[in-house]
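One letter stands for each residue in the lines below.
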Amino acid sequence: MPQLTSRLLHLITVLFGVSIIVFLLTSLLPTDPAAILAASAGDSSPQNVEAIRRDLGLDKPLIERYLLWVMSALSGNLGTSYFTGQSVAAAIGTAAPVTFQLIVMIQVITLLVAVPVALFVSPRRDSAIDRGVATVSFAAQAIPNFVVALVLILIFSVGLGVLPAIGYTSISEGLWPSIRSLIIPAIAMSFMLIPVYIRVLRSSMIQTLQQEFILVGRAIGLSRSTLLYRYALRPSLPTLVTVVGVNFGVLMGGTVVVEAISGLPGLGTLLLSAVTTRDYILVQGLVLVFAVVYVVVNFLVDIIQASIDPRVRVAK
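Residues numbered from 1 in each chain as written. Predicted model: local features only at pLDDT ≥ 70, side-chain atom pairs only at ≥ 80, totals over all residues. Heavy atoms only, no water.

S.K.: I'd like to hear about the overall build of the protein, residue by residue, with values.
M.R.: Helix and strand counts for the protein stand at 14 helices and 0 strands. Its helices and strands in sequence order give the protein the pattern α-α-α-α-α-α-α-α-α-α-α-α-α-α, from N to C terminus. With respect to the three principal axes, the spread of C-alpha positions in the protein is 85 × 60 × 35 Å. Among the 316 residues that make up the protein, the fraction classed as buried is 41%. Here the analysis covers contacts within the protein between residues at least 6 apart in sequence; of these, 73% occur between residues at least 24 apart. (Helix = DSSP H or I, 4+ residues; strand = E, 2+ residues; numbered from the N terminus. Buried < 20%, exposed > 50% of the residue type's maximum accessible area, 1.4 Å probe, protein only. Contact = heavy atoms within 4.5 Å.)

S.K.: Run through unusual backbone geometry, naming residues and quoting values.
M.R.: The phi torsion of most residues other than glycine is negative, and most of the peptide bonds are trans. A positive phi is found at Asp 126, a non-glycine position, where the angle reads about 65 degrees. Tracing the sequence through the fold places Asp 126 in the loop between helix H5 (88–121) and helix H6 (128–141).

S.K.: Which residues make up the UniProt feature "domain: ABC transmembrane type-1" (unreviewed entry) in the protein, and what values do they have?
M.R.: According to UniProt, the "domain: ABC transmembrane type-1" (unreviewed entry) feature falls on residues 96–305. Secondary structure content for residues 96–305 is 82% helix and 0% strand, while the C-alpha to C-alpha distance between its ends is 26 Å. (UniProt positions renumbered as here; feature names shortened; annotations may be inferred.)

S.K.: Give a description of helix H4 (residues 62–74) that names residues and reports values.
M.R.: Over its 13 residues, H4 runs 18 Å from end to end, which matches the ideal 18 Å to within 8%, given 1.5 Å per residue. Every buried residue of H4 is accounted for by Arg 65, Tyr 66, Trp 69 and Val 70. Angularly, the buried residues of H4 cover 130 degrees about the axis, an arc narrow enough to put them on a single face. Opposite the buried face of H4, by more than 90 degrees, sit the exposed residues Ile 63, Met 71 and Leu 74. Once H4 ends, the next one or two residues include Gly 76, with phi positive near 95 degrees. (Expected span 1.5 Å × (residues − 1). Arc of directions from axis to C-beta.)

Rendered as structure tokens:
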């Protein structure tokens, strides 16, 4: 319990620091949202710009604006978009399910490929198969995900016509059509993660296979599959769980290019639109949500690690 309380306090401290950084970075930019809104309305007179600034509360001191924003954010109100007039929370709530579904698919595809490959090559350290997998993994990691997405679109959408090139189908319209609309971007994003997960789990498995209890298992005649799946896999998982958790947070903002190419109305596309239109209140809300998800996921990863391997619990 004291460890959990300590982690929660750390989580709150990190989020507080992130909120300050996010607010300062967006508030201290040289571009004036009031001037942009005035120009879009066709009246850039100083009087109109000042009136808009007062309406938006931008004439208040920086500290006061930060406190008002934080208090509103704590109540679930992330403000209103300067340009669309839509609630930031509502905009994020509409886009978030698309990105979360995409991230889950990316992680599932990555783990379904990486875990079996790592389990296969780890007992065959430095063999021709191990070196071949390492070479292919290195080459795959060097290819940008947007290039993979374009190639997949050319093959499966333009050439074979079996998968949609762009667009998103909501789960409410059917589970399979929804999954089908995300297969290409999910595979494209997982292409660079698979080598990372293979390398991480392979390294952990090699270390575990050198432990004394594994050597004893071999001495008493336990099969390789029993040693791998029953005794070596679980102690090797904490590192992989950490990497999966970190990448969940990274993927929140890392899907921008693939979402744009695939026409997905997710958080990445929303962030790109907000940056392009200089809608800083929307950018603030999005970055804050990314930070909250990242910190919470890492907190959950710590809990999962402790449940998988008691040694982690003792160490903390």
